[in-house]
Amino acid sequence: HKKEFDVVVIGAGPAGLAAAYVLAKAGINVIVFEKGEYPGSKNVMGGVLYSNAMEKLVPEFYKEAKVERNIIEQNMWLLGDNSLTKIGHKNKTWVEKPNAFTVLRANFDRWFASKVEAAGALIIPKTKVEDFLRDGSGKIVGVRTTRPNGDVYAKAVIIAEGVNPILTMKAGLRDKDLKSNMAAIAVKELIEMPEEVINDRFNVTSDQGATIELLGSWSKGLFGLAFIYTNRKTVSVGCGVFIEDIKKSGMKPYELLESLKNHPAVKDLLGEEPKVMEYMAHLIPEGGYHAMPRFYDDNVLACGDAAMMVNSIHREGSNYALTSGRFAAETLIEAFDRGDFSKRTLKIYEEKLRESFIIKDLLKYKDLPRTLEKNPQLVQVYPDLVNDAFGKFLTVDGTSKWDLQKEIIDEVRRRRGIIPMVNDLFKLWKAVR
Ligand code: FAD
């Protein structure tokens, strides 16, 4: 006989779980399909989860969830070959009012999935959704899964499949697959480190943690962002670069990770021979606003990575996924009230996205991916220049400060030129203003 649910959710990442949680709590009959062995098993994240989006779902979730450390310090490191310039911010108000936690997705997603099940949703792991079921007029009325007799009918389907937009395309929400300049390849290692050593090296206490984002020499002239995050008894270290750039360079992502780990300042933190427990690689959708698909059609909505909702400069992705999942669910609750799942009602989803930080922020940064792509000098010239300038200015060797200043200005002229530098700053400002 025909299997029917109110709503089918594809994917049990933060987007799918958030959607299922809100729907189940409203008494709606929801089923989630996850192709992985269990929720979180296939998921990779650097691991900073901002609290705000999660607290809107489960207030004070961190008291029961599997989180690692409360992030009370965030740093940006600009690496030169043998030097380092740091900017950091430590904030004690985050101790009482947590802003972000490090998480290991395998643990966190599994905990969240148990909450979703307790709320009444059904989560079916090891099951891939392959296609949609459609009615005579072509409208989506369910999904076809890899299970025997695995067709499931529903009034609406939420696509939360993550970065590979296979079903998003099949639903007609995206016309073309991601291009290589719309996604970054990220690699990450989990490094074992005793709790006290982490506390000592990162200058934190056991419950509290620090993050470091790193730009500069490690990426060998490609635009890339690397990260080092403290977990309770492990440290996450990883880096991401645009697929297009790495293809052109002929390098491999793990070579860049090695280059990062071999930097003397990074070695000081990770030790001479860090013990790697896990190596992971994953894509990050970084095409920005211009590369987003349509968000909905009759009976179907797309959220999270599937809809290109990532702001990687601020390493925000999971919070976009959680929030868009919640918006999709709230929209469907309204659709149930109206008894209408057509575009007419589902457009509420897009309105919610546009009124929220998600589209506002992605619009703000809409030109950044292209600006970075077209201006490789931003990463090829400046990190070294800044490090060399600081190095010169802070080395006392009998040269007068006037002469030092002149040497630094001459260096800027030689490596980039004053007017091109002002131009670069203007372009960068324009891309993020
Ligand atoms: P996912 O988490 O990818 O979940 C999608 C799920 O759908 C998966 O479990 C997958 O198995 C399942 N699935 C896919 N297709 C099917 C199918 N056909 N049938 C059934 N199941 C299917 N974000 C942050 O907020 N902070 C960070 O520090 C951060 N760091 C990151 C570091 C790295 C290295 C990477 C790769 C990403 C990082 N992100 C970070 C981004 C973040 O991980 C994503 O934005 C977020 O996971 C998106 O959630 P999602 O639910 O949309 O997709």
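The notes below deal with the structure included here. Note that the structure is a prediction, hence the values are computed from the model and not measured. (Residues numbered from 1 in each chain as written. Predicted model: local features only at pLDDT ≥ 70, side-chain atom pairs only at ≥ 80, totals over all residues. Heavy atoms only, no water.)

1. Some remarks on the overall build of the chain
Alright, step 1. Of the regular secondary structure elements, the chain holds 17 helices and 17 strands.
Alright, step 2. Here the chain has a C-alpha radius of gyration of 23 Å; the compact-globule value for 433 residues is 22 Å, and the two agree.
Alright, step 3. A principal-axis box enclosing the C-alpha atoms of the chain has dimensions of 85 × 45 × 40 Å.
Alright, step 4. When each of the 433 residues of the chain is scored for burial, the buried share is 55%.
Alright, step 5. Across the chain, the fraction of contacts at a sequence separation of at least 24, relative to all contacts at a separation of at least 6, is 71%. (Helix = DSSP H or I, 4+ residues; strand = E, 2+ residues; numbered from the N terminus. Rg over C-alpha atoms; globule rule 2.2 N^0.38 Å. Buried < 20%, exposed > 50% of the residue type's maximum accessible area, 1.4 Å probe, protein only. Contact = heavy atoms within 4.5 Å.)

2. Considerations on the pattern of salt bridges
Alright, step 1. Enumeration according to the criterion identifies 29 salt bridges in this entry.
Alright, step 2. Of the charged contacts, one joins Asp388 and Arg415 as a salt bridge, the two residues approaching to 2.6 Å between their closest N and O atoms. Taken together, the positions of Asp388 in helix H15 (residues 382–394) and Arg415 in helix H16 (residues 401–415) put the pair 27 residues apart, joining distant regions of the chain.
Alright, step 3. For Arg415, a relative accessible area of 28% puts it in the partly exposed group. (Salt bridge = Lys/Arg side-chain N within 4 Å of Asp/Glu carboxyl O.)

3. Here we look at a positive patch on the surface
Alright, step 1. Judged by side-chain charge, Lys35, Lys42, Lys128 and Lys170 come together as a positively charged surface patch.
Alright, step 2. Relative to the helices and strands, Lys170 is located in helix H5 (residues 166–170). (Patch = residues over 30% accessible without salt bridge, like charges linked within 9 Å, V, L, I, M, F, W, Y side chains within 5 Å. Areas by Shrake-Rupley, 256 points an atom, 1.4 Å probe, with all protein chains shown as cover. Lys, Arg positive; Asp, Glu negative; His and termini not counted. Charge placed at Lys NZ, Arg CZ, Asp CG, Glu CD.)

4. Brief notes about the site of the ligand
Alright, step 1. Surrounding the ligand, one finds 36 residues, the nearest of these being Glu34, Gly46, Val48, Asp305 and Ser318.
Alright, step 2. Between the ligand and the protein, one listed contact pairs an oxygen atom with a backbone N or O atom of Ala15 at 2.9 Å.
Alright, step 3. Val44 places a main-chain nitrogen or oxygen 3.4 Å from an oxygen atom of the ligand.
Alright, step 4. For the ligand, whose accessible area on its own is 1,000 Å², the fraction buried by protein is 95%.
Alright, step 5. Going through the elements one at a time, helix H1 (14–25), strand E15 (275–285) and helix H10 (318–338) are the ones with two or more residues in the shell around the ligand. (Near = heavy atom within 4 Å. Polar contact = N/O pair within 3.5 Å; in protein donor to acceptor, adjacent residues only side chain to side chain.)

5. Let's talk about the nonpolar core
Alright, step 1. In this structure, Phe61 and Phe112 are the most contacted members of the largest nonpolar core, which totals 115 residues.
Alright, step 2. If we ignore the near neighbours within four places in the chain, the residues touching Phe61 are Leu49, Ser51, Met54, Glu55, Val67, Phe101, Phe108 and Trp111.
Alright, step 3. Core analysis: the next-biggest nonpolar cluster, separate from the first, contains 14 residues, Phe223, Phe242, Leu378 and Val412 among them. (Core = buried A, V, L, I, M, F, W, Y, C linked by side-chain atoms within 4.5 Å.)

6. Observations regarding the packing of helix H11 (residues 343–355) against helix H12 (residues 357–364)
Alright, step 1. Where H11 meets H12, the closest approach of the two axes is 4 Å, and the angle between their N-to-C directions is 60 degrees. By the criterion of interaxial angle, the relationship of H11 to H12 is oblique. The segment H11 lies against H12, with Leu353, Arg354 and Glu355 engaging Phe357, Ile358, Ile359 and Lys360.
Alright, step 2. Each residue belonging to the contact of H11 with H12 can be placed in one class, and the counts come to four nonpolar, no polar and three charged. (Axes fitted to C-alpha atoms, helices over the stretch in contact; angles between N-to-C directions. Parallel < 35°, antiparallel > 145°, perpendicular 65-115°, else oblique. Nonpolar A, V, L, I, M, F, W, Y, C, P; charged D, E, K, R; others polar.)

7. Topic: the packing of aromatic side chains
Alright, step 1. Evaluated as defined, the whole model comprises twelve aromatic pairs.
Alright, step 2. For the pair Phe227 and Tyr229, a centre-to-centre distance of 4.9 Å together with 25 degrees between the ring planes defines the contact as stacked.
Alright, step 3. Every member of this aromatic cluster is reached through a ring pair, and the members are Tyr21, Phe61, Tyr62, Phe101, Phe108, Trp111 and Phe112.
Alright, step 4. A cation over a ring is seen here: Lys2 above Tyr153, with NZ or CZ 4.4 Å from the ring centre.
Alright, step 5. Above the face of the Tyr365 ring, Lys364 is positioned so that its terminal group lies 5.8 Å from the ring centre. (Phe/Tyr/Trp six-rings, centres within 6.5 Å; stacked < 30°, edge-to-face > 60°. Lys NZ or Arg CZ within 6 Å of the ring centre and 35° of its normal.)

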